[in-house]
Amino acid sequence: MTGLLKTIVFVGVWGSAAAWAQGAAPAELRLDAQQKAALGVRVAQVTAAQSGALLASATVSVPPGREVTVAAPYAGVITRIDAGLGDVLKAGAPLAQWSSPQLADARRQMREAQLDVQNAQAALARDQAMLADGIIPAARLQISQNKFQAAQAALQAKQAELRSSGASSGGADYAGASLTSPLNGTLVQSLVSVGQRVEAGVPLFKVADTRQLQLDLVLSPEKAAQLKVGDAVSVPSRQAKAVLIGISRAVDAAQQAQARARVTTPGSLSAGEVLPVQLHPAAMATQAAWQVPARAVIAHQMQSWVLVASAQGFVPTPVKVLSSNDEQSVVSGALSDKQQVAVTGLASLRALLQKDE
């Protein structure tokens, strides 16, 4: 042990060993600036947490029905791209041109179905006239009616197939068609390039109406139990606010619960980003709380502590952790927003406090 560390142990530990042994709060660790530097100790400011906020992480997304994926209806080749990432689109605006032999075949089958309907309709009209003249029995007319209805059903099926693909019945380019945007929104993802061959069902574009956003929250069961619909959510890093509209307390395989919040003040939120958020349960509205870096909280003898900077060194201060994530912790205790707590060198400081237990 170096002379500097021996001095730290002598000054800081002997004054606190008795207090730790009796289970009381440890005495102040006395360290000068040189000793703090040698231990690599740095501090961070204590800040007031709004209404005892719970900390969580959330993904910014768009509500159901405001985001769609445009896929390839048939296998084919992309011949032209008409929209780029970030473009604002109207419903029906072209996204790309594509060509497919399967599309040409589907249009052929639809045309054949139209001819079958015409033939069946003509046969039905002929049999109706022949029945009226007593030339054929009624059973033959019934057969003609059934054939006409079957032809109509086949035509409707082919028409529905082409409508679902977004293609019309055909123009000058019988094998080509245009992929269009199904809603007003922004092109948020483009997954193809000109000349690329795609298979049926492969996602090509994603269009989203980003005027309304939501937060998809991941929570521990303990946090979910403290929340209710209508509780406020804030995103300080983006100056955004939201309100809870749905909570599922059922946990998944990772033992996490889910919640959803509607964004009321978007600030600078962007769809797709993952960021820390604060939840403000009404039940915790009157509870004073403080936010500190998560690494500032140390545990000892079933108690959480922070080391508050003082003129002589650091004062171990007991706290209760209300909520935490990987970056921040919300705690209650005898703190103020004028204080600073140690955030680095904690292993050395904790060792000093435990030296003579």
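Rules used in this analysis
- Residues numbered from 1 in each chain as written.
- Predicted model: local features only at pLDDT ≥ 70, side-chain atom pairs only at ≥ 80, totals over all residues.
- Heavy atoms only, no water.
- Helix = DSSP H or I, 4+ residues; strand = E, 2+ residues; numbered from the N terminus.
- Buried < 20%, exposed > 50% of the residue type's maximum accessible area, 1.4 Å probe, protein only.
- Contact = heavy atoms within 4.5 Å.
- Areas by Shrake-Rupley, 256 points an atom, 1.4 Å probe, with all protein chains shown as cover.
- Polar contact = N/O pair within 3.5 Å; in protein donor to acceptor, adjacent residues only side chain to side chain.
- pLDDT = per-residue confidence, 0-100.
- Pairing = 2+ DSSP bridges.
- Core = buried A, V, L, I, M, F, W, Y, C linked by side-chain atoms within 4.5 Å.

## Digging into the overall build of the protein chain
Phase 1 of the analysis: Secondary structure assignment for the protein chain yields seven helices and 23 strands.
Phase 2 of the analysis: Taken across its 357 residues, the protein chain has 40% of its residues classed as buried.
Phase 3 of the analysis: Within the protein chain, contacts between residues separated by at least 24 positions form 74% of all contacts whose residues are at least 6 apart in sequence.
Phase 4 of the analysis: Element-wise, carbon and sulfur atoms account for 53% of the exposed surface of the protein chain, whose accessible area totals about 18,400 Å².

## With respect to the side chain of Ser 165
Phase 1 of the analysis: Inspection of the secondary structure puts Ser 165 in helix H5 (residues 138-165).
Phase 2 of the analysis: At a separation of 2.7 Å, a polar atom in the side chain of Ser 165 contacts the main-chain carbonyl oxygen of Leu 162.
Phase 3 of the analysis: Excluding residues within four positions of it along the chain, Ser 165 makes contact with Pro 73 and Tyr 74.

## Describing the confidence of the model for the protein chain
Phase 1 of the analysis: Mean pLDDT over the protein chain: 84, with 89% of residues reaching 70 or higher.
Phase 2 of the analysis: Across residues 4-22 the pLDDT falls below 50, and counting only partners more than four positions away or on other chains, this stretch makes 37 contacts in the model.

## Notes on the sheet that holds strand S10 (residues 185-190)
Phase 1 of the analysis: The four strands lie next to each other as S5-S12-S10-S7, forming an open sheet whose pairing is antiparallel. The sheet is open, and its two edges are formed by strand S5 (67-71) and strand S7 (88-89), each paired on a single side.
Phase 2 of the analysis: With four bridges joining them, S10 and strand S12 (residues 203-208) adopt antiparallel strand pairing. Bridge assignment links Leu 187 to a residue of S12, and that residue is Val 207.

## Things to note about the sheet that holds strand S6 (residues 76-81)
Phase 1 of the analysis: Strand order in the open sheet formed by four strands is S9-S8-S6-S11, and the pairing between neighbours is antiparallel. Edge strands, defined here as strands with exactly one partner in the open sheet, are strand S9 (176-180) and strand S11 (197-198).
Phase 2 of the analysis: Judged from the four bridges that link them, S6 and strand S8 (residues 94-99) form a sheet pairing that is antiparallel. The residue of S8 that forms the bridge with Ile 81 is Ala 96.

## Observations regarding unusual backbone geometry
Phase 1 of the analysis: Located in the positive-phi region is Gln 239, a residue other than glycine, with phi close to 50°.
Phase 2 of the analysis: Summarising the element assignment, Gln 239 is placed in the loop between strand S14 (232-235) and strand S15 (240-248).
Phase 3 of the analysis: On the basis of relative accessible area, Gln 239 is assigned to the exposed category, the value being 56%.
Phase 4 of the analysis: For Gln 255, which is not glycine, the phi torsion reads 60° and is therefore positive.
Phase 5 of the analysis: Mapped onto the fold, Gln 255 is located in the loop between S15 and strand S16 (257-265).

## As for the nonpolar core
Phase 1 of the analysis: Counting residues in each nonpolar core, the largest one holds 32 residues, and the members touching the most others are Ile 78, Leu 89, Trp 98, Leu 103, Leu 204 and Phe 205.
Phase 2 of the analysis: Breaking this core down by element, the ones donating at least two residues are S8, helix H4 (101-132), H5, S9 and S12.
Phase 3 of the analysis: In terms of residue count, H4 provides more of this core than any other element does, seven residues in total.
Phase 4 of the analysis: Counting 25 residues, the second-largest nonpolar core is a separate cluster that includes Ala 58, Leu 219, Ala 242 and Ala 257.

## Observations regarding the pairing of strand S13 (residues 214-219)
Phase 1 of the analysis: In this sheet, S13 lies alongside strand S4 (residues 54-61) in antiparallel orientation, the contact comprising five bridges. Pairing of Ser 57 across the sheet is with Val 218, part of S13.
Phase 2 of the analysis: Sheet topology places S13 next to S16; six bridges connect them, and they run antiparallel. Looking at the pairing, Leu 215 lines up with Ala 261 of S16.

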